[in-house]
Amino acid sequence: MSPVSIAWAAGLSRAGRSLRDGINRLFTAAGPDRGAILDGLETALLEADAGPDTAADLVEAVRSVRIPEGGDEAAAVRVALKERIRELLAGCGPDPSAFREKPWVVLVVGVNGTGKTTTIGKLAHRFAAEGRKTVIAAADTFRPAANEQLAVWAGRAGVPVISQKPGADPASVAFDALDHAVRHGADALLVDTAGRLQTKVNLMEELRKIRRVIAKRMPSAPHETLLVMDATTGQNGLAQARQFTEAAGVTGIALTKLDGTARGGVVLAIRRTLGIPIRWAGLGEGIEDLRPFDAEAFSEGILGEERQ
Ligand SMILES: Nc1nc2c(ncn2[C@@H]2O[C@H](COP(=O)(O)OP(=O)(O)OP(=O)(O)O)[C@@H](O)[C@H]2O)c(=O)[nH]1
Ligand SMILES: [Mg+2]
């Protein structure tokens with residue numbers, strides 16, 4: 001395995017556990033009986049939060065596999081499953097066009113408490129470590145102490161944060177910060193926003209306004225609208241994300257708290273259902289605990305050779 005795969009395998013040992021264990025168990029228990037394997041696979045996928053459509057999709061991929069006389073049924077199923085998972089997750093990972101514009105503007109959105117501010121701290125740290133001049137906009141002017149929390153993260157990452165008083169217009173903060181980033185030749189601007197429920201029409205309208213005002217200062221921005229999603233909310237989170245995506249023009253997903261769920265199947269459901277690339281995976285609360293999403297390593301983590 002590559003170093004990236006090893007890091008993933010460690011970080012995702014929990015997230016992929018239910019699926020990996022379920023699949024390994026069923027290969028041992030079902031023997032060469034394809035029908036039993038298919039039933040068990042569907043159950044394992046549902047238990048791992050892959051959702052009914054994605055589970056049916058993967059079962060179908062396995063159903064059509066042909067095994068030569070005397071061939072290894074379990075091995076063939078494993079290969080077919082891995083292949084389909086790779087297909088489903090193709091195109092995930094950090095945006096290949098990132099930093100083509102200067103500054104590269106990332107608007108970070110999501111429901112309350114999903115990990116937006118933490119993810120911004122981790123991204124700022126990563127960008128700064130890559131030698132990219134990074135600025136953060138504190139456009140969550142709603143939650144008390146949001147400025148302070150962001151300032152702590154910015155301090156850790158060693159990047160400046162542009163803020164106004166609590167209660168200020170978030171679009172105005174975003175504009176000021178972008179203006180600062182442009183004038184100072186920054187490579188990246190990360191815009192934090194307040195958590196909001198996708199059902200609150202006025203709050204979704206506020207996001208649209210932030211986007212419009214950003215575009216007034218830099219017509220091509222925001223270049224990425226990153227939806228931060230909590231992996232532990234599972235299928236319910238998926239439904240929320242769908243509406244959020246429709247309303248806010250999301251172009252990528254950061255999936256957080258993958259370290260806190262045994263149900264990594266939600267990764268497959270998100271990609272297949274929403275069709276939006278998963279760019280980043282949050283695997284803990286520390287500044288280093290963010291990984292570029294790697295489809296290869298993820299499928300290896302789920303379907304690796306390790307057995308009980
Ligand atoms: N285990 C784990 N915890 C995380 C991860 N990302 C964020 N958290 C925790 O989730 C909690 C909420 O994180 P925040 O970054 O404040 O979330 P937010 O989306 O900015 O919240 P609001 O601004 O209130 O909507 C904190 O306790 C974080 O430490 C992750 O990848 N794994
Ligand atoms: Mg926040």
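Presented here is an overview of the structure given in this document. Everything numeric here is computed off the predicted structure, so don't read it as measured data.

The rules behind each value
Residues numbered from 1 in each chain as written. Chains lettered and ligands numbered in written order. Predicted model: local features only at pLDDT ≥ 70, side-chain atom pairs only at ≥ 80, totals over all residues. Helix = DSSP H or I, 4+ residues; strand = E, 2+ residues; numbered from the N terminus. Buried ≥ 20, exposed ≤ 12 C-beta atoms within 10 Å, placed from the backbone. Pairing = 2+ DSSP bridges. Right-handed = clockwise from strand over helix to strand, strands pointing away. Near = placed C-beta within 6 Å. Nonpolar A, V, L, I, M, F, W, Y, C, P; charged D, E, K, R; others polar. Axes fitted to C-alpha atoms, helices over the stretch in contact; angles between N-to-C directions. Parallel < 35°, antiparallel > 145°, perpendicular 65-115°, else oblique. Left-handed = near helix turned anticlockwise from the far one by under 90°. Contact = placed C-beta atoms within 7 Å. Core = buried A, V, L, I, M, F, W, Y, C linked by C-beta atoms within 7 Å.

Thoughts on the overall build of the chain
Then step 1. Each helix and strand in the chain was counted, giving twelve helices and eight strands.
Then step 2. A buried classification covers 46% of the 308 residues belonging to the chain.

Examining the pairing of strand β2 (residues 134–139)
Then step 1. Taking burial as the measure, the six residues of β2 include six buried ones, the bulk of the element.
Then step 2. Direction of pairing for β2 relative to strand β4 (residues 188–193): parallel, over a ladder of six bridges. The residue of β4 that forms the bridge with Ile136 is Leu190.
Then step 3. With two bridges connecting them, β2 and strand β3 (residues 161–162) associate as parallel partners. Bridge assignment links Ile136 to a residue of β3, and that residue is Val161.
Then step 4. What joins β2 to β3 is helix α7 (residues 146–157), and the crossover it makes is right-handed.

Some words on the site of ligand 1
Then step 1. Around ligand 1, the surrounding shell holds 22 residues, and the nearest of these are Gly115, Thr117, Thr118, Gly195 and Gly282.
Then step 2. Considering every element that reaches the shell around ligand 1, the biggest residue donor is helix α6 (residues 116–129), with three residues.
Then step 3. Each residue belonging to the shell around ligand 1 can be placed in one class, and the counts come to three nonpolar, twelve polar and seven charged.

So, the packing of helix α8 (residues 170–183) against helix α9 (residues 201–217)
Then step 1. Two elements in contact, α8 and α9, have axes separated by 9 Å at closest approach and are oriented at 25°. Here α8 is positioned roughly parallel relative to α9, judged by the angle of their axes. α9 is crossed by α8, and the crossing has right-handed handedness. Note on element contacts: α9 touches α8 through Glu206, Lys209, Ile210, Val213, Ile214 and Arg217, opposite Pro170, Ala171, Ala174, Phe175, Leu178, Asp179 and Val182.
Then step 2. Of the residues belonging to the contact of α8 with α9, the class tally is nine nonpolar, no polar and four charged.

Structural notes on the sheet that holds strand β6 (residues 252–256)
Then step 1. Strand order in the open sheet made by the eight strands is β3-β2-β4-β1-β5-β6-β7-β8, with mixed pairing throughout. Only two strands of the sheet have a single neighbouring strand rather than two, namely β3 and β8 (290–292).
Then step 2. Sheet contacts for α6: β1 (104–109), β2, β4, β5 (224–230), β6, β7 (278–282) and β8; angle to β4, the most-contacted strand, approximately 170°.
Then step 3. In the packing of α7 onto the sheet, the strands contacted are β2, β3 and β4, and the crossing angle to β2 comes to about 170°.

Topic: the nonpolar core
Then step 1. Grouped together as the largest cluster of nonpolar side chains are 84 residues, with contacts concentrated most on Ile136, Ala174, Leu189 and Val191.
Then step 2. Here the element with the most residues in this core is α8; it accounts for seven residues.
Then step 3. Apart from residues no more than four positions distant in its own chain, Ile136 is found in contact with Ile120, Ala124, Leu150, Ala154, Val159, Val161, Leu190 and Asp192.

Overview of the environment of Glu285
Then step 1. Topologically, Glu285 is positioned in the loop between β7 and β8.
Then step 2. Accessibility expressed as a C-beta count within 10 Å gives 13 for Glu285, which makes it partly exposed.
Then step 3. Spatially, the C-alpha atoms of Glu285 and Thr118 are 7.4 Å apart, while their sequence positions differ by 167 residues.

Notes on the packing of helix α5 (residues 73–89) against helix α12 (residues 295–303)
To describe two helices that pack against each other, one gives the angle between their axes and the distance between the axes.
Then step 1. Following both chains from N to C, one finds α5 and α12 inclined at 145°, their axes separated by 9 Å at the closest point. Crossing of α5 against α12: the hand is right-handed. Residues Arg78, Leu81, Lys82, Ile85, Arg86 and Leu89 of α5 touch α12, and the partners they reach there are Ala295, Glu296, Phe298, Ser299, Ile302 and Leu303.
Then step 2. For the contact of α5 with α12, a count of residues per class yields seven nonpolar, one polar and four charged.

Digging into unusual backbone geometry
Then step 1. The omega torsion of the bond from Lys102 to Pro103 falls at -5°, within 30 degrees of zero and hence cis.
Then step 2. Tracing the chain through its elements places Pro103 in the loop between α5 and β1.
Then step 3. Phi at Phe99 takes a positive value of approximately 70°, unusual for a residue other than glycine.
Then step 4. By secondary structure assignment, the location of Phe99 is in the loop between α5 and β1.

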